[in-house]
Amino acid sequence: MDVIGEGKSNRAVSVTNMNEHSSRSHSVFQLSISQVNMESQQKLNGKLYLVDLAGSEKVSKTQAEGMTLDEAKNINKSLSSLGNVIAALSEGQSHIPYRDSKMTRVLQESLGGNARTTIVICCSPSSYNESETKSTVLFGTRAKTIKNTVTVNVELTAEEWRARYEKEVEKNKRLKLLLAKCDTELQKWRRGEAVSEEDQTRIRDSSESAHSQPGFDLSPSPSTASISNLLGVTNASEAERIAFVKERDSLYKALDDKDDEINKQSQTVERLKNELEDEKQAAALVAQQNEQLGSEVLNVDLEREKLQEEIKQVMAALEQVAANLDEKTEEVE
């Protein structure tokens, strides 16, 4: 607990219009545990992660400026990366963008590895935070669709490795038999033979999918500080202050719109990357098929040339026989 307290004291906190003690960074506590059986020398390893995420922020609500605004941008960017990782995991994609953010890289094992993960989300009942509440509930719902396969982190002994090796050998034999059966069935289909439903090889593969979206920062409603305190001016006229506030609010709204656009664009980029990968795989398959067809065409051309050569030899022999026949006929006459 002393270590947690020390880390908490080092965490950056500042005041915004939504939270008097707003966290300006994420907090990650890691506890590593190792256990050794002195009799069997078996070793067990485990890690515990306690993570407190800083919530996403709407600049129009927090009215952050300067360094606080830069921190809000970094927070929203890392949470967007977390949302992309959750989306990729829930959809079963082949590439998971863990390296897009330091936070997702650190939490890689907790998100999609050998781990049991519990996510606690906070929701505000205030209508002022309606959009953030919906976003957070949706994020939690989608994160629940991720299923991790958990195994014990054990450093095996030589005997255990031998037993596991033998088990894998048996599994390899079964897979080879299955592959041979599939190959036999494929050859039957290629020959045009019918394969009954009972004789067909059945291989099932299932997966689950969902979407994800990062959470947000649940905070009190905006403070009621005066305009002069917010702007830091006292000598400006009332009209100038009102104009300045309107211009600042319009800039905040523009920043929010840009954040939303960036999030949408990042999701679009991930989707296009996946589509590009699929297209590359399809192109590779087509190239392989074209290469096979080219090889078959080459073989046909070789066979055709061989047949033409044989036909030429037969024609030459027939011409020789016809010439001999003409000579014999002349001799007889």
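Anything mentioned here points back to the structure above.
Parameters and conventions
- Residues numbered from 1 in each chain as written.
- Predicted model: local features only at pLDDT ≥ 70, side-chain atom pairs only at ≥ 80, totals over all residues.
- Heavy atoms only, no water.
- Axes fitted to C-alpha atoms, helices over the stretch in contact; angles between N-to-C directions.
- Helix = DSSP H or I, 4+ residues; strand = E, 2+ residues; numbered from the N terminus.
- Parallel < 35°, antiparallel > 145°, perpendicular 65-115°, else oblique.
- Left-handed = near helix turned anticlockwise from the far one by under 90°.
- Contact = heavy atoms within 4.5 Å.
- Buried < 20%, exposed > 50% of the residue type's maximum accessible area, 1.4 Å probe, protein only.
- Lys, Arg positive; Asp, Glu negative; His and termini not counted.
- Salt bridge = Lys/Arg side-chain N within 4 Å of Asp/Glu carboxyl O.
- Pairing = 2+ DSSP bridges.
- Disulfide = S-S within 2.5 Å.
- Patch = residues over 30% accessible without salt bridge, like charges linked within 9 Å, V, L, I, M, F, W, Y side chains within 5 Å.
- Areas by Shrake-Rupley, 256 points an atom, 1.4 Å probe, with all protein chains shown as cover.

J.: Describe the packing of helix α3 (residues 67-91) against helix α9 (residues 238-332), and please don't skip the residues or the numbers.
T.: α9 packs onto α3 with a crossing angle of 30 degrees between their chain directions and a minimal axis gap of 11 Å. On the basis of the axis angle, α3 is roughly parallel to α9. Where α3 crosses over α9, the handedness of that crossing is right-handed. Contacts from L69, N76, S80 and N84 of α3 reach α9 at L255, D259, N263, S266, Q267 and E270.

J.: Kindly report on the side chain of E185, identifying the contributing residues and their values.
T.: Relative to the helices and strands, E185 resides in helix α7 (residues 158-190). For E185, which is buried and forms no salt bridge, the nearest opposite charge comes from K181, at a distance of 6.9 Å.

J.: Describe the pairing of strand β3 (residues 27-36), naming the residues involved and giving the relevant values.
T.: Pairing of β3 with strand β4 (residues 43-52) involves 10 bridges; the strand directions are antiparallel. Bridged to Q35 within β4 is L44. The antiparallel pairing of β3 with β4 creates a hairpin that spans 6 residues between the two strands, and Q41 there sits at a positive phi of about 60 degrees.

J.: Describe the state of the cysteines, listing the residues and the values that go with them.
T.: Within this structure, the stated rule accounts for 0 disulfides. The structure places no disulfide on C122, whose sulfur is separated from the nearest cysteine sulfur, that of C123, by 7.4 Å.

J.: How would you summarise a nonpolar patch on the surface if you had to cite specific residues and measurements?
T.: A grouping of M1, I4, L31, I33, L48 and L50 is seen on the molecular surface, where their side chains present a nonpolar patch of about 580 Å² in accessible area. Of all the elements in the fold, those that place two or more residues in the nonpolar patch are β3 and β4. If you trace the backbone, M1 turns up in the segment before α1 (2-9).

So far we have only geometry, and geometry alone does not tell us how the molecule works.
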